[in-house]
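Spelled out, the chains give:
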Amino acid sequence: MKFISWNIDSLNAALTSDSNRAVMTREVFDTIKKEDPNVIAFQETKLPQTGLSKKHKKKLAEFFPDYNYVHVSSSEGARKSYAGCMTLFKKDLDINSNFPIIDAPEPMDLEGRIVTLEFDDFYFTQVYTPNAGNELARLADRQVWDKQYAKYLSKLDKEKPVIAAGDFNVAHTPIDLAHPDNNHRSAGFTDEEREGFTHILSKGFIDTFRHLNGDVEGKYTWWAQRVKTSKINNSGWRIDYFLVSDRIKYKVSRSDMIDSGKRQDHTPIVLEIDI
């Protein structure tokens, strides 16, 4: 099976806007469709709390006619049109879906950050991990999130193997970002966040990209939008991952990035696994 994960930074805009950025996003849709994945996971959809509009549904049917989808948006108590996740899956797939609450600090559980699909033989779950924020204002809450999320993955793994995808908002090791020396206390590369990710892996999971590609450097999934030359200079971070249960790591044949052209911010990632 083939899975693609992408922090899309506003599916809402991609479906409703004709801005230059929305057009570039839709061009990436074409690239994704050429891959013909079984499952597509979008994070940071920024869809409204009121649900999908007729226009959203119409455009999704146009862009992804071969897929059904489930989604979760921020709910009352969280910022409106914030975060959110959608998982699309081929119409011939038989799945159950849920949107777990992991007892994270408020209002993280209300921000629409996890979608899980249950297949006969495995779970596929996607996550949009909270950012530690400006001046690390949310770092303490982020540490609690990482512990609770690790418990959640561990619980799933006790039932059947797990594939976990998404924007984990952390560069795990110094080779996962271009300038580690300048970012030691930046959100996404603090010791606390890196330790949180190590703890998740310790629950019986592997980072599939490193599993297949070793210590290769210069491969990133995110480049800052506010720095116009960040992607040109490959001044990036690898903060998007596919994790799998250790006992199925031998089934993974591909874990890589997908070219998103000139569009900055996140790029999609892809996993192929014999499952």
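Thresholds, definitions, all that
- Residues numbered from 1 in each chain as written.
- Predicted model: local features only at pLDDT ≥ 70, side-chain atom pairs only at ≥ 80, totals over all residues.
- Heavy atoms only, no water.
- Helix = DSSP H or I, 4+ residues; strand = E, 2+ residues; numbered from the N terminus.
- Rg over C-alpha atoms; globule rule 2.2 N^0.38 Å.
- Buried < 20%, exposed > 50% of the residue type's maximum accessible area, 1.4 Å probe, protein only.
- Contact = heavy atoms within 4.5 Å.
- Areas by Shrake-Rupley, 256 points an atom, 1.4 Å probe, with all protein chains shown as cover.
- Lys, Arg positive; Asp, Glu negative; His and termini not counted.
- Charge placed at Lys NZ, Arg CZ, Asp CG, Glu CD.
- Salt bridge = Lys/Arg side-chain N within 4 Å of Asp/Glu carboxyl O.
- Axes fitted to C-alpha atoms, helices over the stretch in contact; angles between N-to-C directions.
- Parallel < 35°, antiparallel > 145°, perpendicular 65-115°, else oblique.
- Nonpolar A, V, L, I, M, F, W, Y, C, P; charged D, E, K, R; others polar.
- Core = buried A, V, L, I, M, F, W, Y, C linked by side-chain atoms within 4.5 Å.
- Pairing = 2+ DSSP bridges.

1. Here's the deal with the overall build of the protein chain
When helices and strands are tallied, the protein chain shows six helices and 14 strands. Here the C-alpha atoms of the protein chain give a radius of gyration of 17 Å, agreeing with the 19 Å that 2.2 N^0.38 yields for 275 residues. Considered along the principal axes of its C-alpha atoms, the protein chain spans approximately 45 × 45 × 40 Å. When the 275 residues of the protein chain are sorted by exposure, 55% land in the buried category. Partitioning the contacts of the protein chain with sequence separation of at least 6, the portion at a separation of at least 24 is 72%. With an accessible surface of roughly 12400 Å², the protein chain has 46% of that area assigned to carbon and sulfur atoms. When the 38 basic and 41 acidic side-chain charges of the protein chain are each reduced to a single mean position, those positions are 5 Å apart.

2. Details of unusual backbone geometry
In this model, Glu 106 is joined to Pro 107 through a cis peptide bond whose omega is 0 degrees. Relative to the helices and strands, Pro 107 is located in the loop between strand S5 (96-98) and strand S6 (114-118). Within the chain, Asp 36 stands out as a residue other than glycine whose phi angle is a positive 55 degrees. Its location among the elements puts Asp 36 in the loop between helix H2 (20-35) and strand S2 (39-43). A positive phi angle, near 50 degrees, is found at Asn 169, a position not held by glycine.

3. With respect to the pattern of salt bridges
The full count for this structure, using the stated rule, is 25 salt bridges. Arg 21 is paired through a salt bridge with Asp 9; the nearest N and O atoms lie 3.0 Å apart. Taken together, the positions of Arg 21 in helix H2 and Asp 9 in the loop between strand S1 (2-7) and helix H1 (11-16) put the pair 12 residues apart, joining distant regions of the chain. Overlapping salt bridges, with partners in common, bring together Asp 9, Arg 21, Glu 44, Lys 46 and Asp 265 in one network.

4. Structural notes on the packing of helix H4 (residues 139-159) against helix H5 (residues 191-202)
Where H4 contacts H5, the axes come no closer than 9 Å and their chain directions differ by 5 degrees. One way to sum up the angle between H4 and H5 is to call them roughly parallel. Across the interface between the two elements, Leu 139, Arg 142, Gln 143, Asp 146, Lys 147, Tyr 149, Ala 150 and Leu 153 from H4 touch Glu 192, Glu 193, Gly 196, His 199 and Ile 200 from H5. In the contact of H4 with H5, the residues fall into five nonpolar, three polar and five charged.

5. So, the nonpolar core
With 28 residues, the main nonpolar core has Phe 3, Phe 124 and Ile 163 as its most contacted residues. Here the element with the most residues in this core is strand S14 (residues 269-273); it accounts for three residues. Setting aside chain neighbours within four positions, we find Phe 3 in contact with Val 39, Phe 122, Phe 124, Ile 163, Phe 242, Ile 269, Val 270, Leu 271 and Ile 273. Ranked by size, the runner-up nonpolar core spans 22 residues in total, among them Ile 114, Trp 145, Ala 150 and Tyr 152.

6. What about the sheet that holds S2?
The six strands lie next to each other as S3-S4-S2-S1-S14-S12, forming an open sheet whose pairing is mixed. Unpaired on one side and paired on the other, strand S3 (67-72) and strand S12 (252-257) mark the two borders of the sheet. Each strand axis lies, on average, 15 degrees off the axis of its neighbour in the sheet, ignoring direction. Two elements, S12 and S14, share five bridges in a ladder whose sense is antiparallel. Across the sheet, the residue bridging to Val 252 is Ile 273, located in S14. Here H2 sits on the sheet and contacts S1, S2, S12 and S14; the angle it forms with S1, its principal contact strand, is near 165 degrees.

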